[in-house]
Amino acid sequence: MYCLLVGATIAATAPAVSTATGLPPGVVIAGAVAVMLWAAAVAVMERHLPIRLALRVVMVANLAAATLIVSVSALGAALLVVVSLLAIAADVGGFALSQYVALRRIARAGAAR
């Protein structure tokens, strides 16, 4: 749900995001659509993949997304844009960390059985 809301918000504010980051509007919209499609992919993974595999896939994707967001923040001319994007990257990185912790707990629980 989070990714769907973020993607929709970015799409709705694409002109402002484009101006703030220096990215072409089409790139911003394509990124927003990719985030919304990712939300759908996560929903499918929840239903059809083993939890450990789904967590690994999402963790790797979140690490890649955090790296991309940090890279885009370097394009922003305004300090507020950079700080905002870095905060989002930290948030996404935090998701990746939570998935890592969940995977470790699942592995420990499986080893304890």
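Throughout, a residue's number is its position along its own chain's written sequence, starting from 1. Local features in a predicted model are, by the rule used here, given only for residues with pLDDT of at least 70; side-chain atom pairs are given and counted only at 80 or more, and totals for whole chains, interfaces and linings are based on all residues. Side-chain figures throughout are based on the complete set of non-hydrogen atoms in the structure, without hydrogens or water.

Enquirer: Would you mind going over the overall build of the protein in detail, with residue names and values included?
Expert: Secondary structure elements follow DSSP: runs of H or I of four or more residues count as helices, runs of E of two or more count as strands, with numbering from the N terminus. A count of helices and strands for the protein gives five helices and zero strands. C-alpha extents for the protein along the principal axes are approximately 55 × 25 × 15 Å. Expressed as a percentage of contacts within the protein between residues at least 6 apart in sequence, the contacts between residues at least 24 apart total 60%. Note on areas: Shrake-Rupley, 1.4 Å probe, and residue coverage restricted to the protein chains presented here. Within the structure as shown, the protein displays about 7200 Å² of accessible surface, and the carbon and sulfur contribution to it stands at 75%. The contact rule is simple, with two residues in contact once any of their heavy atoms fall within 4.5 Å.

Enquirer: Quick rundown of the packing of aromatic side chains? Include the residues and the values.
Expert: Ring pairs are drawn from Phe, Tyr and Trp, using the six-membered ring of Trp, whenever the two centres fall within 6.5 Å, and their geometry is named by plane angle: stacked under 30 degrees, edge-to-face over 60, tilted for the rest. All told, the structure shown has one aromatic pair when counted by the stated rule. Seen in terms of ring centroids, Tyr 2 and Phe 95 are 5.2 Å apart; in terms of plane orientation they differ by 75 degrees. Their pairing is edge-to-face. Remark: Phe 95 occurs in helix 5 (residues 79–112) and Tyr 2 occurs in helix 1 (residues 2–12); sequence separation between them is 93 residues. Each residue is placed in one exposure class: buried if its accessible area under a 1.4 Å probe, protein chains only, is under 20% of its type's maximum, exposed if it is over 50%, and partly exposed if it falls in between. On the basis of relative accessibility, which here comes to 38%, the residue Tyr 2 falls in the partly exposed class.

Enquirer: Lay out the side chain of Asn 62 in plain terms, naming residues and giving numbers.
Expert: Here Asn 62 shows up in helix 4 (residues 51–73). Residue Asn 62 is classed as buried on the basis of its relative accessible area of 9%. For Asn 62, the residues in contact, after removing those within four places along its chain, are Val 92, Phe 95, Ala 96 and Gln 99.

Enquirer: Give me the lowdown on the nonpolar core, citing residues and values where you can.
Expert: Among soluble globular proteins, nonpolar side chains are generally buried collectively. Only buried residues count toward a nonpolar core. Its members are Ala, Val, Leu, Ile, Met, Phe, Trp, Tyr and Cys residues joined through side-chain atoms within 4.5 Å. Counting residues in hydrophobic clusters, the biggest one holds seven residues: Ala 66, Ile 69, Val 72, Val 81, Leu 85, Ala 89 and Val 92. Secondary structure elements with two or more residues in this core: helix 4 and helix 5. A total of four residues in this core trace back to one element, the largest contributor, which is helix 5. In this view, Ala 66 contacts Ala 89, Val 92 and Gly 93; residues no more than four positions away in its chain are not counted.

Enquirer: If you had to explain helix 3 (residues 25–48) to someone new, which residues and values would you point to?
Expert: A helix is expected to reach a length of 1.5 Å times the quantity of its residues less one. Given a rise of 1.5 Å per residue, 24 residues ought to cover 34 Å, and the 35 Å separating the end C-alpha atoms of helix 3 matches this to within 8%. Along helix 3, the positions that sit buried rather than exposed are Val 28, Ala 32, Ala 39 and Met 45. Of the surrounding secondary structure, the elements contacted by the buried residues of helix 3 are helix 1, helix 2 (14–21) and helix 4.

Enquirer: Kindly report on the packing of helix 3 against helix 4, identifying the contributing residues and their values.
Expert: Orientation is described by lines fitted to C-alpha atoms, with helices fitted over the stretch in contact, and by angles between N-to-C directions that extend from 0 to 180 degrees. Contact pair helix 3 / helix 4: the axes reach a minimum separation of 10 Å and the direction vectors enclose 160 degrees. Viewed along their axes, helix 3 and helix 4 adopt a mutual orientation that is roughly antiparallel. Judged by the twist between their axes, the crossing of helix 3 over helix 4 is left-handed. Here helix 3 contributes Trp 38, Val 42 and Met 45 to the contact with helix 4, which in turn contributes Ala 54, Val 57, Val 58 and Ala 61. Residues are grouped as follows: Ala, Val, Leu, Ile, Met, Phe, Trp, Tyr, Cys and Pro are nonpolar; Asp, Glu, Lys and Arg are charged; every other residue, Gly included, is polar. Residue classes in the contact of helix 3 with helix 4 are distributed as seven nonpolar, no polar and no charged. Here the angle decides the label: under 35 degrees means roughly parallel, over 145 means roughly antiparallel, 65 to 115 means roughly perpendicular, and every other value means oblique. Left-handed describes a crossing whose near helix is turned anticlockwise from the far helix by less than a right angle; the clockwise case is right-handed.

Functional significance is not addressed by these values, which are geometric in nature.
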